[in-house]
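Chain by chain, the residues:
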Amino acid sequence: MNQAYNHNLSRALLLVLSAWLLSGCVTSRIENIREGNTGLEEGEGIVIMAKSYHLGNETEAKFISCVGKSIGRGSSGLRVIPNNEFVDALFPWFEPRTAPAETKGLPTLMSRPGVAQKIKDQGVRYVVWLDGDTDKVAGGGSMSCAAGPGGGGCFGFAWWQNDSNYEASVWDLSGLEDAGTVRTDVSGTSFLPAIVVPIPLLARTQNKACNALADQLRLFIVSDESA
Amino acid sequence: MARQSLRENSALKSNRLKFVLSVMTAMMAAGCGGSKVTLHNPTIPEPLIDQMPLIVAARYPEVFDSFVHEEQVIGKEKWSIDLGRSNRMLFTQLFGSMFTDFSVVGAEDDARDLTFDALIEPSIDAFEFSVPSQSQTEEFAVWIRYRIKIFDKDGTQIANWPIAAYGKSQSGSFGGDDALKRAAVLAMRDAAALIILQMDKATGISKLSEAHANQTATPAEMPDEMTLRTTAAEDIPDESGL
């Protein structure tokens, strides 16, 4: 019994150690700037949108989807309205070309026929506009691989640094105002040493940025620090 | 018996060889070839707008029934996109939402036999797309340049409006084919949004309704010269960003 317990414990420790070893070094920073009061009433929700590519934004679709899923997950998860449903319901006012770029465009938008009612029907209180992307900022090393009749293998060492910079602007559609901004900057270096078999030690900066931004956004929207 | 078995064995080997060869040929062809993408009747959502009180007819060019565009990436693969009847469907749905009375007329119909305030003739001036191997990004992009000509009930051209639409989609989120399809659909939605937002400003089409009202009420009060535009400006600022 005791032996089996020890065996399981050592396996768990080995797993944790492997997971730790297989992840690269990551540093992250998160900050928020509050402009107004926030909070969610019963039945209210949020929609996560990417800033328009007409404005040069290149936020990855998988990042937007990741933030939406993370904010909606768990017992404290918020109600997240799928952005394609929202955009289709309000066509053509949230298309990349027509979506308001600043909150001062909101009164004009709300005065358009049917827009305010449709937003109310959807239960959307906040629109979260995501901006930013993940870039490879540096890299180096070399690796060579060869294969022959007797087998193959790689030898060498490579590394690269990724930077994930994202900003989320929160617009309150009930007050037609900017509620604030949450920013995250995650930087990480991945390594790929290879002695016959390459062993990737990856720094998942985008994933880390997604989770950090989602957690902070949830707190930002639900809790009103000014109260 | 032994000879028959030998023959069967040899036939089997030959079939296997054929199979392996055909798989290899298919793989090589796939490597050097390209992709063909077909849009299956995409639709735009019902727009949240007030309809213009106009009797409008539209006449589509033949190309709106079958539009195929091919792009050869130099030294690499060949891509083709088949829009089929997507353009016809887009404009029919769009104009049907924009005007209180809308119909499509055939190419052979004589416009003089029909009653309308405006006859719209949309066409495609240019269609282009780029794939990730060209742009060195993960993105597929589609540009469509439409031209909209508008005629009044007397057959006088009142507007000739070129519009440029753009759509972009990432290959990381969708497969390559799906990303190109999505970029094309986004470009068509972009065109629809631009038409909804700018058409009246760019072409003055709503003035034809006033002309219609004036004419039916008191024909004598019809102005001598309607202030209609013969050519709409290309650089009309859009309302993006509101």
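Above this text sits the structure in question.
In short, a report on the structure. (Residues numbered from 1 in each chain as written. Chains lettered and ligands numbered in written order. Predicted model: local features only at pLDDT ≥ 70, side-chain atom pairs only at ≥ 80, totals over all residues. Heavy atoms only, no water.)

Details of the interface of chain B and chain A
Between chain B and chain A, the residue contacts involve 28 residues of the former and 28 residues of the latter. Approximately 2,200 Å² of surface area, both sides summed, lies buried where chain B meets chain A, with 58% of it carried by carbon and sulfur atoms. Connecting chain B to chain A are three salt bridges. With its nearest N and O atoms 2.9 Å apart, the salt bridge here joins aspartate 190 of chain B to arginine 97 of chain A. Linking chain B with chain A are nine residue pairs in polar contact (both at pLDDT 80 or more), by the criterion used here. Every element with two or more residues in the side of chain B that touches chain A is listed here: β8 (157-170) and α4 (176-203) of chain B. (Contact = heavy atoms within 4.5 Å. Buried area = accessible area lost by both parts, 1.4 Å probe. Salt bridge = Lys/Arg side-chain N within 4 Å of Asp/Glu carboxyl O. Polar contact = N/O pair within 3.5 Å; in protein donor to acceptor, adjacent residues only side chain to side chain. Helix = DSSP H or I, 4+ residues; strand = E, 2+ residues; numbered from the N terminus.)

Overview of the layout of surface pockets
Reported here for the largest pocket is a volume of approximately 960 Å³. Along its surface, the largest pocket is lined by 35 residues, and Ala50, Ala61, Ile64 and Asn83 of chain A together with Arg182 of chain B are the ones closest to its centre. Mapped onto the lining of the largest pocket, the elements with two or more residues apiece are β2 (45-50), α2 (61-72), β3 (80-81) and α3 (83-89) of chain A together with β8 and α4 of chain B. The greatest single-element share of the lining of the largest pocket, amounting to five residues, is contributed by α2 of chain A. Across the lining of the largest pocket, the residue classes break down as 16 nonpolar, nine polar and 10 charged. Its volume calculated, the second largest pocket comes out at about 520 Å³. Taken together, 20 residues line the second largest pocket, and the ones lying closest to its centre are Glu60, Lys62, Thr134 and Gln206 of chain A together with Glu138 of chain B. When residues of the lining of the second largest pocket are traced back to their parent elements, those giving at least two are α2, β4 (124-148) and α6 (205-222) of chain A. (1 Å grid on protein atoms, 1.4 Å probe; cavity = no way out; pocket = protein on both sides within 12 Å on 5 of 7 lines; lining within 4 Å. Points joined across faces, edges and corners; volume = space filled by probe spheres on them. Nonpolar A, V, L, I, M, F, W, Y, C, P; charged D, E, K, R; others polar.)

Observations concerning helix α2 (residues 86-98) of chain B
Residues and elements named next belong to chain B. With 13 residues, α2 should reach 18 Å at 1.5 Å per residue; the first-to-last C-alpha distance of 18 Å fits that figure. The set of residues buried in α2 consists of Ser86, Asn87, Leu90, Phe91, Leu94, Phe95, Ser97 and Met98. One face of α2 carries all of its buried residues, which in axial projection span an arc of 160 degrees. (Expected span 1.5 Å × (residues − 1). Buried < 20%, exposed > 50% of the residue type's maximum accessible area, 1.4 Å probe, protein only. Arc of directions from axis to C-beta.)

Structural notes on empty space enclosed by the protein
All names here are of chain B. Inspection of every chain in the model, using the stated rule, returns one cavity of 30 Å³ or more. Taken as a whole, the largest cavity encloses approximately 50 Å³ of empty space. Around the largest cavity, the lining residues are Pro42, Thr43, Ile44, Ser86, Leu90, Val185, Met188 and Arg189. Of all elements in the fold, only α2 and α4 reach the threshold of two or more residues within the lining of the largest cavity. Per-element accounting of the lining of the largest cavity gives the leading share, three residues, to α4. Partitioning the lining of the largest cavity into residue classes produces five nonpolar, two polar and one charged.

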